[in-house]
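Close look at the chain arrangement
Listed below, chain by chain, are the residues.
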Amino acid sequence: TAVMVEQTDVDSLRILQEPQNKVTVVLGAQWGDEGKGKVVDLLAMDADIVCRCQGGNNAGHTVVVDSVEYDFHLLPSGVLNKKAISFIGNGVVIHLPGLFEEAEKNSQKG
């Protein structure tokens, strides 16, 4: 028996579907100063979850929003996105007094 297949059925099979789940990873290949924070800040505008995975508070970056400077050393730079949930992963060396100080200083800025 022959099966009749219309051309529109074949064309619909060829269309690549947009993935329902996406993960974007920003990974540094150097020892810092690559501009990862700036890239993460831009990508975080469309993110649901932002996570800092490793490192300590010895380095950091500054994010400027509406002429206000926010300094980050431990918090993920995407924390400024109110729609995203921010996590600090188990690979981050956390200095608790520094974390609380950073959170308080940035919170006071808005």
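Residues numbered from 1 in each chain as written. Predicted model: local features only at pLDDT ≥ 70, side-chain atom pairs only at ≥ 80, totals over all residues. Heavy atoms only, no water.

1. A few points about the overall build of the protein
For clarity, the threshold we go by: Runs of E in the DSSP output that reach at least two residues are strands. Runs of H or I that reach at least four are helices, and both are numbered from the N terminus. A 1.4 Å probe rolled over the protein chains alone gives each residue an accessible area, and that area as a share of the maximum for its type sets the label: buried under 20%, exposed over 50%, partly exposed in between. Throughout, a contact is declared for two residues whenever any of their heavy atoms are within 4.5 Å. The accessible surface values rely on the Shrake-Rupley method and a 1.4 Å probe; as for residues, cover is taken only from the protein chains in view.
Secondary structure assignment for the protein yields 3 helices and 4 strands. Start at the N end of the protein and walk to the C end: the helices and strands fall as α-α-β-β-β-β-α. The buried share among the 110 residues of the protein stands at 20%. Summarising the internal contacts of the protein: among those between residues at least 6 apart in sequence, 54% fall at separations of at least 24. Put simply, the protein shows about 9,000 Å² of open surface, and 56% of that area lies on carbon and sulfur atoms.

2. A short note on the UniProt feature "binding site: Mg(2+)" (unreviewed entry) in the protein
Inclusion rule: UniProt positions are given in the numbering used here, feature names are shortened, and annotations may be inferred rather than shown by experiment.
The UniProt feature table records "binding site: Mg(2+)" (unreviewed entry) at Asp33 and Gly60. Positionally, Gly60 belongs in the loop between strand S1 (49-55) and strand S2 (61-65).

3. Side note on the UniProt feature "binding site: GTP" (unreviewed entry) in the protein
Following the UniProt record, one finds the feature "binding site: GTP" (unreviewed entry) at Gly32, Asp33, Glu34, Gly35, Lys36, Gly37, Lys38, Gly60, His61 and Thr62. One can find Glu34 in the loop between helix H1 (7-14) and helix H2 (36-43). Glu34 gets classed as partly exposed once you look at its relative accessible area, which sits at 30%. Classification of Gly60 as partly exposed rests on a relative accessible area of 48%. Setting aside anything within four residues of it in sequence, one finds Gly60 in contact with Phe72 and His73.

4. What to know about the pattern of salt bridges
Selection criterion: By convention in these notes, a salt bridge is any Lys or Arg side-chain nitrogen within 4 Å of a carboxyl oxygen on Asp or Glu.
Taken as a whole and judged by the stated rule, the model has 2 salt bridges. The partner of Asp71 in a salt bridge is Lys109, and the shortest N-O contact between them spans 4.0 Å. One end of the pair, Asp71, is in strand S3 (residues 68-72); the other, Lys109, is in the segment after helix H3 (96-108), with 38 residues separating them in the sequence. Glu101 is the partner of Lys105 in a salt bridge, and the nearest nitrogen-oxygen pair spans 3.0 Å.

5. A short note on the side chain of Asn106
Going by this rule: The term polar contact refers here to a pair of N or O atoms within 3.5 Å; inside protein, the definition further demands a hydrogen-donor-capable atom paired with an acceptor-capable atom, and it admits residues adjacent in sequence only when both atoms are side-chain atoms.
On the secondary structure map, Asn106 appears in helix H3. Looking at Asn106, its side chain comes within polar contact range of the main-chain oxygen of Asp71, at 2.8 Å. Not counting residues within four places of it along the chain, the set of residues in contact with Asn106 comprises Tyr70, Asp71, Phe72 and Leu75.

6. So, H3
What counts, and what does not: For a helix, the expected span equals 1.5 Å multiplied by the number of residues minus one. What the arc covers is the set of directions going from the helix axis to the C-beta atoms.
With 13 residues, H3 extends 18 Å between its outermost C-alpha atoms, agreeing within 8% with the 18 Å of an ideal straight helix rising 1.5 Å per residue. Along H3, the residues classified as buried are Gly98, Leu99, Glu102 and Asn106. With its buried residues spanning 100° around the axis, H3 presents them on a single face. Pointing more than 90 degrees away from the buried face of H3 are the exposed residues Pro97, Phe100, Ser107 and Gln108. Those residues of H3 that are buried lie in contact with S3 and strand S4 (85-92). Phi turns positive one or two residues past the end of H3, at Gly110, with a value near 125°.

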